[in-house]
Amino acid sequence: QVELVESGGGLVQAGGSLRLSCAASGRTFSGYAMGWFRQAPGKEREFVAHIDWSGGITYYADSVKGRFTISRDNAKNTVYLQMNSLKPEDTAVYYCAARLRGPIIIARMYDQWGQGTQVTVSS
């Protein structure tokens, strides 16, 4: 299994940008599909984006499409989430997750999770 550690969260004004990183250690990172999810207070965890093992296939939630970009660097065992044009409704704890099989939008189907990083967007 892999261990995941997110970083890069913080406080940003609406319209600003942040780049989240998720560093993996343990088993071969390149064998995992990776996903980003987020959870706002009082809400369920929701899918944000996922990427396949090669980085060639990505998929986004409609709410972030065109603003967020997921990518990965298998040589660095890291997956990224570039977030542009941030909105107050993007405020949440962001989690990365790993899955040995193909990428999927269902959170409970992921095998490993990081501890999360807080993103706060002020209006």
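So, a few notes on the structure that sits alongside this text. (Residues numbered from 1 in each chain as written. Predicted model: local features only at pLDDT ≥ 70, side-chain atom pairs only at ≥ 80, totals over all residues. Heavy atoms only, no water.)

### Overview of the overall build of the protein chain
Threshold: Here a strand is any run of E in DSSP of at least two residues, a helix any run of H or I of at least four, and the numbering for each starts at the N terminus. C-alpha atoms define the radius of gyration in this analysis, and the globule rule sets the expected value at 2.2 Å times the number of residues to the power 0.38. Relative accessibility decides the category of a residue: with a 1.4 Å probe and only protein chains considered, values under 20% of the type maximum give buried, values over 50% give exposed, and everything between is partly exposed.
Check the secondary structure of the protein chain and you find zero helices and 11 strands. Along the chain direction, N to C, the helices and strands of the protein chain fall in the order β-β-β-β-β-β-β-β-β-β-β. A compact globule built from 123 residues should have a C-alpha radius of gyration of about 14 Å, and the protein chain, at 13 Å, falls within 12% of that. Seen through its C-alpha atoms, the protein chain measures out along the principal axes to roughly 40 × 30 × 25 Å. Residues counted as buried form 44% of the 123 residues belonging to the protein chain.

### Things to note about the pattern of salt bridges
Put simply, the rule is: Each salt bridge in this description consists of a side-chain nitrogen of Lys or Arg and a carboxyl oxygen of Asp or Glu lying within 4 Å of one another.
Tallying each qualifying case throughout the model produces four salt bridges. The salt bridge partner of Asp90 is Arg38, with a shortest N-O separation of 2.9 Å. Taken together, the residues span a long stretch of sequence, with Asp90 in the loop between β8 (78-83) and β9 (92-99) and Arg38 in strand β4 (residues 33-39) at a distance of 52 residues. Relative accessible area serves as the criterion here: at 5%, Arg38 is assigned to the buried category.

### Quick look at the environment of Gly8
As a reminder, the rule being used: Should any heavy atoms of two residues lie within 4.5 Å, those residues are counted as being in contact.
By the element assignment, Gly8 lies in the loop between β1 (2-7) and β2 (10-13). For Gly8, a relative accessible area of 31% gives the class partly exposed. Here the alpha-carbon distance between Gly8 and Ala61, two residues 53 residues apart in the chain, equals 21 Å. Apart from the residues within four sequence positions on either side, Gly8 is in contact with Leu18, Arg19, Leu20 and Thr117.

### A closer look at the environment of Asp73
Position of Asp73 among the secondary structure elements: in strand β7 (residues 68-73). Through-space distance from the C-alpha of Asp73 to that of Tyr60 is 18 Å; in sequence the pair is 13 residues apart.

### Observations regarding unusual backbone geometry
Even without a glycine there, the phi angle at Asn77 is positive, about 55°. Its relative accessible area of 27% is what places Asn77 among the partly exposed residues. Positioned with a positive phi, Ser85 is a non-glycine residue whose angle comes to about 50°. The topology assignment puts Ser85 in the loop between β8 and β9.

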